[in-house]
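Geometric and topological summary
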Amino acid sequence: MQAERLRVTVEGRALELSNLDKVLYPEAGFTKGEVIDYYTRIAPVLLPHLAERPLTRIRYPNGVAEKSFFEKNAPAATPDWVRTETLPAPGSSKGRETVDYVVAGDLPTLVWLANLAALELHTPQWKIGEHPDMMVVDLDPGAPAGLRECCRVALLMRDRLASDGIDSYPKTSGKKGMQLCCPVAGTQSSDDVSAYARRIAQELEKAHPKLVVSKMAKNLRPGKIFIDWSQNNAAKTTVAPYSLRAQSVPSVSTPLTWDEVSAGAAGKRPATKPYTAGEALKRVEKHGDLLAPLLDGGPQLPL
């Protein structure tokens with residue numbers, strides 16, 4: 001039986017891990033120790049997508065079947081070696097003017113967060129002190145539509161964006177939907193990026209009214225895919241690639257190939273079931289980081 005607390009050194013940083021046998025995903029029997037192991041092993045491809053971005057965490061101290069909480073501020077017992085950045089907090093639900101965000105740019109910080117049961121990691125589309133360097137389009141299915149229909153819309157969106165010279169890279173949300181991530185120049189405001197994404201969503205809604213909706217009203221969504229262009233608002237975040245999700249199994253927001261998206265549109269995987277932590281690790285062994293091109297920047301959006 002594992003000790004209740006385990007002292008480890010990660011890249012020169014002393015950490016105390018606790019309750020490693022605690023089951024955080026009851027249906028899968030997936031423990032906190034396995035969560036820490038996953039984040040440690042996925043770190044080489046995950047950390048570049050977290051670097052220089054303020055991190056919002058969703059913590060599940062008693063597992064995914066129990067209460068969770070969003071956390072933006074660095075907790076009181078944050079080690080002094082964890083990087084934090086004090087940034088404005090527009091739209092704060094607690095009325096804060098600023099938030100002391102954690103920036104997870106290294107493995108010790110990632111392990112520390114995993115030990116806090118910070119299962120879900122969410123980031124904005126901008127780096128600290130910069131304009132957005134990424135446009136994200138969230139594809140949200142309204143039942144009975146599902147991931148299969150998301151894949152169909154993703155293909156339509158890919159082709160439309162390509163006509164403007166914009167590359168797009170797909171990933172599952174790890175839940176019911178998916179996202180397209182597009183590298184952009186980092187010279188335009190979040191309002192400009194949102195406006196462009198909204199215009200493309202409206203075009204696709206007009207061309208495919210039985211499949212696509214661009215308005216947020218939930219009564220318009222049944223059987224359609226809502227193209228959520230508003231994810232590019234400066235105050236919003238999107239689940240990071242390779243982040244775990246709080247589902248019955250330890251599912252992962254998983255980068256996809258376009259061939260896989262085409263297969264999903266035909267009713268094959270990923271439309272049939274989510275990729276899990278173990279599968280995500282195997283996929284990285286096979287493909288490397290399918291979202292690595294996001295790190296290289298992209299063109300200006302045609303406004």
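Residues numbered from 1 in each chain as written. Predicted model: local features only at pLDDT ≥ 70, side-chain atom pairs only at ≥ 80, totals over all residues. Heavy atoms only, no water.

Focus: the overall build of the protein
- Secondary structure assignment for the protein yields six helices and 15 strands.
- Relative to the 2.2 N^0.38 estimate, which gives 19 Å for 303 residues, the radius of gyration of the protein is 19 Å and therefore close to what a compact globule would have.
- Counting over 303 residues, the protein shows a buried share of 52%.
- Looking at the protein alone, contacts between residues at least 24 apart form 69% of all its contacts between residues at least 6 apart.
- Carbon and sulfur atoms provide 50% of the accessible area of the protein, an area that totals close to 13,700 Å².
- Computed over 38 positive and 35 negative side-chain charges, the separation of the two mean positions in the protein equals 6 Å. (Helix = DSSP H or I, 4+ residues; strand = E, 2+ residues; numbered from the N terminus. Rg over C-alpha atoms; globule rule 2.2 N^0.38 Å. Buried < 20%, exposed > 50% of the residue type's maximum accessible area, 1.4 Å probe, protein only. Contact = heavy atoms within 4.5 Å. Areas by Shrake-Rupley, 256 points an atom, 1.4 Å probe, with all protein chains shown as cover. Lys, Arg positive; Asp, Glu negative; His and termini not counted. Charge placed at Lys NZ, Arg CZ, Asp CG, Glu CD.)

Remarks on the domain arrangement of the protein
- With domains assigned, the protein is organised as domain 1 (5-123) and domain 2 (134-295).
- Measuring from the centre of the C-alpha atoms in domain 1 to the corresponding centre in domain 2 gives 24 Å.
- Domain 1 puts 23 residues into the contact, and the matching count from domain 2 is 25 residues.
- Both faces considered, domain 1 and domain 2 share a buried interface measuring about 2,200 Å² in area, 66% of it formed by carbon and sulfur atoms.
- Of all residues in domain 1, the largest losses of buried area upon contact with domain 2 belong to Tyr25, Tyr38 and His49, amounting jointly to 28% of the total for that side.
- Where domain 1 meets domain 2, there are one salt bridge. (Domains from an automatic or database assignment. Buried area = accessible area lost by both parts, 1.4 Å probe. Salt bridge = Lys/Arg side-chain N within 4 Å of Asp/Glu carboxyl O.)

As for the pairing of strand β12 (residues 178-183)
- A large share of β12 lies buried, amounting to six of its six residues.
- On β12, burial covers both faces: Met178, Leu180 and Cys182 on one face and Gln179, Cys181 and Pro183 on the other are all buried.
- As defined by bridge partners, strand β10 (residues 134-141) adjoins β12 across six bridges and the pair is classed as antiparallel. Directly across from Asp138, in β12, lies its bridge partner Gln179.
- In this structure, strand β11 (residues 169-172) lies alongside β12, joined through four bridges in antiparallel fashion. The residue bridging Tyr169 from the neighbouring strand is Cys181, located in β12.
- Following β11, the chain reverses through five residues before pairing antiparallel with β12; Gly174 in that reversal takes a positive phi of roughly 90°. (Pairing = 2+ DSSP bridges.)

Some details on the pairing of β10
- Here β10 lies mainly inside the structure; eight of its eight residues are buried.
- The two faces of β10 match: Met134, Val136, Asp138 and Asp140 on one face and Met135, Val137, Leu139 and Pro141 on the other face are all buried.

What to know about the pattern of salt bridges
- Enumeration according to the criterion identifies 18 salt bridges in this entry.
- Put simply, Glu52 and Arg83 hold a salt bridge, and the shortest N to O gap is 2.9 Å. Pair noted here: Glu52 is in the loop between α1 (32-50) and β5 (56-59) and Arg83 is in the loop between β6 (69-71) and β7 (84-88), with a separation of 31 residues, a long-range link.
- Across the salt bridge formed by Lys215 and Glu205, the nearest N and O atoms sit 3.6 Å from each other. Of this pair, Lys215 sits in the loop between β13 (212-213) and β14 (225-228) while Glu205 is found in helix α4 (residues 190-207), placing the two residues ten residues apart along the sequence.
- Several salt bridges share partner residues, and in doing so they unite Arg160, Asp164, Arg199 and Glu203 into one network.

Points about the packing of helix α3 (residues 147-162) against α4
- α4 packs onto α3 with a crossing angle of 120° between their chain directions and a minimal axis gap of 11 Å. For the element pair α3 / α4, the angle class is oblique. Crossing hand, α3 versus α4: right-handed. Contacts between α3 and α4 pair Leu156, Met157, Arg160 and Leu161 from the former with Tyr196, Arg199, Ile200, Glu203 and Leu204 from the latter.
- Class assignment for the residues of the contact of α3 with α4 results in six nonpolar, no polar and three charged. (Axes fitted to C-alpha atoms, helices over the stretch in contact; angles between N-to-C directions. Parallel < 35°, antiparallel > 145°, perpendicular 65-115°, else oblique. Left-handed = near helix turned anticlockwise from the far one by under 90°. Nonpolar A, V, L, I, M, F, W, Y, C, P; charged D, E, K, R; others polar.)

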